[in-house]
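For reference, the chains in residue letters:
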Amino acid sequence: MRTTQTFSISFFTRKKKNQPESAILYARITINGKKLEISLKRIIPIDKWNQASSKMIGNSPESFQINKKINETRSQLFKIHDALQIEDKVITVDLVKSRFLGTDQQNKTLYQLIEYHETNMGKVLKYGTMKNYTTTSTYLKDYLKLQHRTSDIYLKHIDYQFTLDFENYLRNLDGLRNNGLMKHMERFKKLMRLAENLDWIEKNPTKRFKLRFNRVDMVYLSKGELGKIKNHEIKNPTLRLNRDIFIFACYTGLAYADVKALNKNHLHFGIDGKQWIYTRRSKTNTTVRIPLLEEAEKILDRYKDHPKADQNNTLLPVYSNQKINQYLKEVAKEIKIKKNLSFHAARHTFATTVTLANGVPIETVSKLLGHNKISTTQIYARVIDSKISSDIDNLRVKLNN
């Protein structure tokens, strides 16, 4: 049974040492006879203070602001006392004061949230994802230093205005475009949702913030372009090797990290007696099983004895993602394909030109790509629809002529 507890709040002034005409305003908390003072950091004229009514005398703007501060402080302290009772805390004057000042352990900071995320989610999320979170965290810390003149902030002090101001800060950074900016805001929202789930905050101020991504045209190769890049005679051996690995991805749908990780243990004979790739997507850990098409098998045979592949115990001698994308741009320039080619375009090409455009059902394509939801795959179907529409428009022109 909870014991009866007395709780009272009073206000008083204390003269400044070198300015006897001025005084500092204090609040005094009293719980079961024990007292503790809190400076409200307000200086008032000593002759304007009425101790009996605990307020400033007069109708001046200064009197109005001081009396408003007193009322707000009284209300806040009573709310803190009520909240501590609900939390079933042992209520002391020290606990009430620390909760009022935001220094009690109940109130976590943004830096503590970032540290918690790095420690606990680092074991769950992929290296690349955690690297992106580190970048977002760096932006948050820089924003605090530049805009708030502090190195940290209590989570309870982060509000919707903070969220909008952080977005505005990011928009003023050089080289950060809208979709990249929205990715940082998305990660900030996820951090705050984690704080809410941990009960570190009562209300998530980022919930109302809407992410606004610009629609980006998907880069993939048409049938003609795929044939052109596949059959072109490339003299430079480095460009030729990277072209071939890109083509391998065009006929398997595997992302860069998954192609790089392939080894002999991933090759199996499938239900049809032919070679399949059994692997897991690096990004989502989803199981994928891909029957090897003839073009992909040719490339595996071509590089099965490559020294770099042998050294790394992999099926293919894959360069770094940055290097391979650089070489692909050189290949596109040599072949005169006017598209911003990157390795990920191979995955898009597999989904559109190689499978969907040739009548492979979208459910099958979804399985081959390792998508958890078919709605993720449907974006490729929309690309195909737009291509069909464009081709039919061209056909109408030819027929009319």
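Throughout what follows, the structure given in this document is the object of discussion.

Criteria and thresholds
- Residues numbered from 1 in each chain as written.
- Predicted model: local features only at pLDDT ≥ 70, side-chain atom pairs only at ≥ 80, totals over all residues.
- Heavy atoms only, no water.
- Helix = DSSP H or I, 4+ residues; strand = E, 2+ residues; numbered from the N terminus.
- Expected span 1.5 Å × (residues − 1).
- Pairing = 2+ DSSP bridges.
- Axes fitted to C-alpha atoms, helices over the stretch in contact; angles between N-to-C directions.
- Buried < 20%, exposed > 50% of the residue type's maximum accessible area, 1.4 Å probe, protein only.
- Contact = heavy atoms within 4.5 Å.
- Patch = residues over 30% accessible without salt bridge, like charges linked within 9 Å, V, L, I, M, F, W, Y side chains within 5 Å.
- Areas by Shrake-Rupley, 256 points an atom, 1.4 Å probe, with all protein chains shown as cover.
- Salt bridge = Lys/Arg side-chain N within 4 Å of Asp/Glu carboxyl O.
- Core = buried A, V, L, I, M, F, W, Y, C linked by side-chain atoms within 4.5 Å.

**Notes on helix α6 (residues 178-197)**
And then number 1: With 20 residues, α6 extends 28 Å between its outermost C-alpha atoms, agreeing within 8% with the 28 Å of an ideal straight helix rising 1.5 Å per residue.
And then number 2: Asp199 sits one or two positions beyond α6 and adopts a positive phi of about 65°.

**Considerations on the sheet that holds strand β6 (residues 267-269)**
And then number 1: Strand order in the open sheet formed by three strands is β6-β7-β8, with antiparallel pairing between adjacent strands. Two strands lie at the open edges of the sheet, namely β6 and β8 (287-291), each paired on one side alone. Ignoring which end each strand starts from, the neighbouring axes of this sheet average 35° apart.
And then number 2: In this sheet, strand β7 (residues 275-280) lies alongside β6 in antiparallel orientation, the contact comprising three bridges. Within the sheet, the bridge partner assigned to His268 lies in β7 and is Trp276.

**Describing helix α13 (residues 344-355)**
And then number 1: Over its 12 residues, α13 extends 16 Å from the first C-alpha to the last, a length consistent with the 16 Å expected when each residue adds 1.5 Å.
And then number 2: With 11 of 12 residues buried, α13 lies mostly within the body of the structure.
And then number 3: Within the sequence span of α13, burial applies to Ala345, Ala346, Arg347, His348, Thr349, Phe350, Ala351, Thr352, Thr353, Val354 and Thr355.

**Digging into the environment of Thr349**
And then number 1: For Thr349, the location among the structural elements is in helix α13.
And then number 2: Judged by relative accessible area, Thr349 falls into the buried class, the value being 0%.
And then number 3: Note: C-alpha distance between Thr349 and Cys250 (99 residues apart in sequence) is 5.7 Å.
And then number 4: Once residues lying within four places of it in the same chain are set aside, the contact partners of Thr349 are Tyr220, Leu221, Leu226, Cys250 and Val354.

**Topic: a nonpolar patch on the surface**
And then number 1: A surface patch of nonpolar side chains, about 370 Å² in accessible area, is lined by Ile388, Ile392, Leu395 and Leu399.
And then number 2: Locating Ile388 in the fold gives a position in helix α15 (residues 374-400).
And then number 3: With a relative accessible area of 47%, Ile388 lands in the partly exposed category.

**Let's talk about the nonpolar core**
And then number 1: Among the nonpolar cores identified, the biggest contains 48 residues, and Ile229, Phe246, Phe248, Val259 and Leu316 are the most heavily contacted of them.
And then number 2: Of all the secondary-structure elements, those providing two or more residues to this core are α7 (223-231), α8 (237-250), α9 (256-261), α10 (294-302), α12 (321-335), α13, α14 (362-369) and α15.
And then number 3: With eight residues, α8 is the largest single contributor of residues to this core.
And then number 4: Excluding residues that lie within four positions of it along the chain, Phe246 makes contacts with Leu221, Ile229, Leu328, Leu341, Ser342, Phe343, Ala345 and Ala346.
And then number 5: Listed in part, the 26 residues of the second largest apolar core include Ile114, Leu144, Phe162 and Met192.

**Topic: the sheet that holds strand β1 (residues 7-15)**
And then number 1: Ordered in space as β1-β2-β3, the three strands form an open sheet in which the pairing is antiparallel. Of all the strands in the sheet, just β1 and β3 (34-45) have a single pairing partner and so form its edges. With strand direction ignored, the average angle separating the axes of adjacent strands in the sheet is 20°.
And then number 2: The pairing of strand β2 (residues 22-31) with β3 spans nine bridges and is antiparallel. If you follow Ile31 over to β3, its bridge partner there is Lys34.
And then number 3: Packed onto the sheet, helix α2 (residues 93-101) meets β2 and β3 and runs at close to 35° relative to β3.

**Considerations on the pattern of salt bridges**
And then number 1: Evaluation of the coordinates by the stated rule reveals 11 salt bridges.
And then number 2: Its salt-bridge partner being Arg302, residue Asp244 comes within 3.0 Å of it at the nearest N-O pair. Pair noted here: Asp244 is in helix α8 and Arg302 is in helix α10, with a separation of 58 residues, a long-range link.
And then number 3: Residues joined by salt bridges that share partners form a network here, namely Arg14, Arg28 and Glu37.

**With respect to the pairing of β7**
And then number 1: Linkage of β6 to β7, two consecutive antiparallel strands, is achieved through a turn of five residues, within which Gly273 is found at a positive phi near 80°.
And then number 2: When β7 meets β8, the two strands line up antiparallel, connected through five bridges. In the sheet register, Ile277 faces β8, and the bridge partner there is Ile290.
And then number 3: Here β7 folds back onto β8 in antiparallel fashion, the turn holding six residues, of which Asn285 has a positive phi close to 65°.

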